[in-house]
Amino acid sequence: MKAIIISLSALLASFGISMIITRLIYLKRRREGRLTTRRRVVTFLLILFVLYVPGGLIYFSFYSHATDNALKYMNSTDTVAVSEIDQGYLFDGPGTRDAIAFYPGAKVDEKAYAPLMQMIADAGIDCFLIKMPLHMAFLGKNKADDVIDEYNYENWYISGHSLGGAMAGIYAASHGDKIRGMILLAAYSTAKIDDSVSALAITATNDHVMDWEDYNENKGNLPLNTTEVSIEGGNHSQFGDYGFQRGDGEATISQDEQMEQVRDAVRKLVNGE
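About the thresholds
Residues numbered from 1 in each chain as written. Predicted model: local features only at pLDDT ≥ 70, side-chain atom pairs only at ≥ 80, totals over all residues. Heavy atoms only, no water. pLDDT = per-residue confidence, 0-100. Contact = heavy atoms within 4.5 Å. Buried < 20%, exposed > 50% of the residue type's maximum accessible area, 1.4 Å probe, protein only. Helix = DSSP H or I, 4+ residues; strand = E, 2+ residues; numbered from the N terminus. Pairing = 2+ DSSP bridges. Axes fitted to C-alpha atoms, helices over the stretch in contact; angles between N-to-C directions. Parallel < 35°, antiparallel > 145°, perpendicular 65-115°, else oblique. Left-handed = near helix turned anticlockwise from the far one by under 90°. Nonpolar A, V, L, I, M, F, W, Y, C, P; charged D, E, K, R; others polar. Core = buried A, V, L, I, M, F, W, Y, C linked by side-chain atoms within 4.5 Å. Patch = residues over 30% accessible without salt bridge, like charges linked within 9 Å, V, L, I, M, F, W, Y side chains within 5 Å. Areas by Shrake-Rupley, 256 points an atom, 1.4 Å probe, with all protein chains shown as cover. Salt bridge = Lys/Arg side-chain N within 4 Å of Asp/Glu carboxyl O. Lys, Arg positive; Asp, Glu negative; His and termini not counted. Charge placed at Lys NZ, Arg CZ, Asp CG, Glu CD.

J.: Looking at this model, I keep getting lost on the confidence of the model for the chain. Mind explaining?
T.: Low-confidence regions, as indicated by low pLDDT, have predicted coordinates that should not be scrutinised in detail. Of the residues in the chain, 77% reach a pLDDT of 70 or more, and the chain-wide mean stands at 87. Confidence over residues 1-6 falls short of pLDDT 50; this stretch has twelve contacts with residues more than four positions distant or in other chains.

J.: Please explain the pairing of strand β2 (residues 88-92) as it appears in this structure.
T.: Regular strands place their side chains on alternate faces of the sheet. Where burial is concerned, most of β2 is hidden: four out of the five residues are buried. The sheet contact formed by strand β1 (residues 81-85) and β2 spans five bridges and is antiparallel. Following the sheet pairing, Ser83 is matched in β2 by Leu90. Here β2 pairs with strand β4 (residues 126-130) via four bridges, running antiparallel. Paired with Tyr89 across the bridge in β4 is Leu129.

J.: Sorry if this is basic, but what is going on with the packing of helix α4 (residues 114-122) against helix α8 (residues 255-271) here?
T.: Two packed helices can be described by the angle between their axes and the distance between those axes. Here α4 crosses α8 at 40°, and the two axes come no closer than 9 Å. Comparing the axis directions of α4 and α8 gives the class oblique. In the crossing of α4 with α8, the sense of the turn from one axis to the other is right-handed. Counted together, Pro115, Leu116, Met119 and Ile120 of α4 and Asp256, Met259, Glu260, Val262, Arg263 and Val266 of α8 form the full contact between these two elements. Classifying every residue of the contact of α4 with α8 gives seven nonpolar, no polar and three charged.

J.: How should I be thinking about the sheet that holds β1 in this particular structure?
T.: Each strand in a sheet pairs with its neighbour through backbone hydrogen bonds, running either in the same direction (parallel) or in the opposite one (antiparallel). Taking strand neighbours across the sheet as the criterion, the eight strands line up as β1-β2-β4-β3-β5-β6-β7-β8 in an open arrangement whose pairing is mixed. On the outer flanks of this sheet lie β1 and β8 (226-231), each paired with one strand and no other. Taking each pair of neighbouring strands and ignoring which way they run, the sheet shows an average axis angle of 15°. Sitting on the sheet, helix α6 (residues 163-174) is in contact with β3 (98-103), β5 (155-161) and β6 (181-185), with an inclination near 145° to β5.

J.: What exactly am I supposed to notice about the nonpolar core here?
T.: In a soluble, globular protein the nonpolar side chains are often hidden away together inside. Grouped together as the largest cluster of nonpolar side chains are 73 residues, with contacts concentrated most on Phe91, Tyr103, Phe128, Ile158, Met182 and Val266. If near-sequence neighbours (up to four positions away) are discounted, Met182 is found in contact with Tyr157, Ile158, Ala168, Gly169, Ala172, Ile193, Val197, Ser198, Ala199, Leu200, Leu222 and Leu269.

J.: I would appreciate a short explanation of a negative patch on the surface in the present structure.
T.: A surface patch of like charges, here negative, comprises Glu84, Asp86, Asp146 and Glu150. Along the polypeptide, Glu84 turns up in strand β1.

J.: Help me understand the pattern of salt bridges, please; the structure alone is not making it clear to me.
T.: When the charged atoms of two side chains with opposite charge come close together, those side chains can pair. Enumeration over the complete set of coordinates arrives at eight salt bridges. With its nearest N and O atoms 2.8 Å apart, the salt bridge here joins Asp98 to Arg97. Take Asp98: its relative accessible area is 3%, and that puts it in the buried class. For Asp109, the salt bridge goes to Lys111, with nearest N and O atoms at 3.3 Å. Look at Asp109 and you get buried, because its relative accessible area is 6%.

Okay, structure coming up:
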């Protein structure tokens with residue numbers, strides 16, 4: 001949720017500055033007697049559009065990109081076929097029963113999660129890596145519907161990292177009839193999840209990005225059948241592959257090791273181990 005607050009604060013600040021500038025220009029032109037009522041409205045809207053829209057586009061144009069290493073996992077292997085679909089990307093492994101709809105973190109290139117998707121798909125759980133509008137999951141929190149309604153799997157799981165996990169939680173709270181389980185990576189749900197849903201909450205001990213106080217306060221929203229896994233030495237950034245995230249703690253285990261622990265925990269949840 002911290003990512004949502006920061007993003008909205010930045011947008012509101014941009015909007016506020018734009019409004020002030022617009023108002024100053026408007027008053028100047030009004031004093032000069034150059035505006036009729038109709039022209040005042042048109043001028044106000046035009047100035048607002050010119051100042052605010054580009055500012056918003058500039059803000060969202062800056063995001064964490066997938067590393068060159070991550071992009072290697074966007075290619076198919078002998079066991080996992082990777083294809084681009086309308087909703088993002090499908091990592092189609094040897095399994096046919098279970099699938100995950102995955103929401104990326106805030107302002108993170110979805111392809112940064114390709115290594116993790118490859119690992120999980122190779123373990124027999126197909127993964128749908130959802131592409132979010134402007135790389136912000138809160139703008140597409142119900143996008144899992146698009147793949148669940150189109151692709152036929154016996155069991156569906158909703159998952160996400162950071163902000164993506166928070167939005168996965170909101171989705172799970174209102175779509176418990178569509179999913180069997182929920183998997184949160186360095187995230188928490190602000191909405192109450194029905195006890196019919198199985199949940200897995202994975203965190204990392206060196207994660208300095210997630211708000212741990214909020215995480216603990218929202219544990220009550222998780223269903224009774226929830227498994228918590230703490231990755232010793234892992235951090236927030238290594239749930240994906242987009243480089244070191246500002247403000248994060250230093251990991252004392254490798255990225256591969258952290259993702260392997262995620263894969264193993266997910267496999268246990270799906271297989272009921």
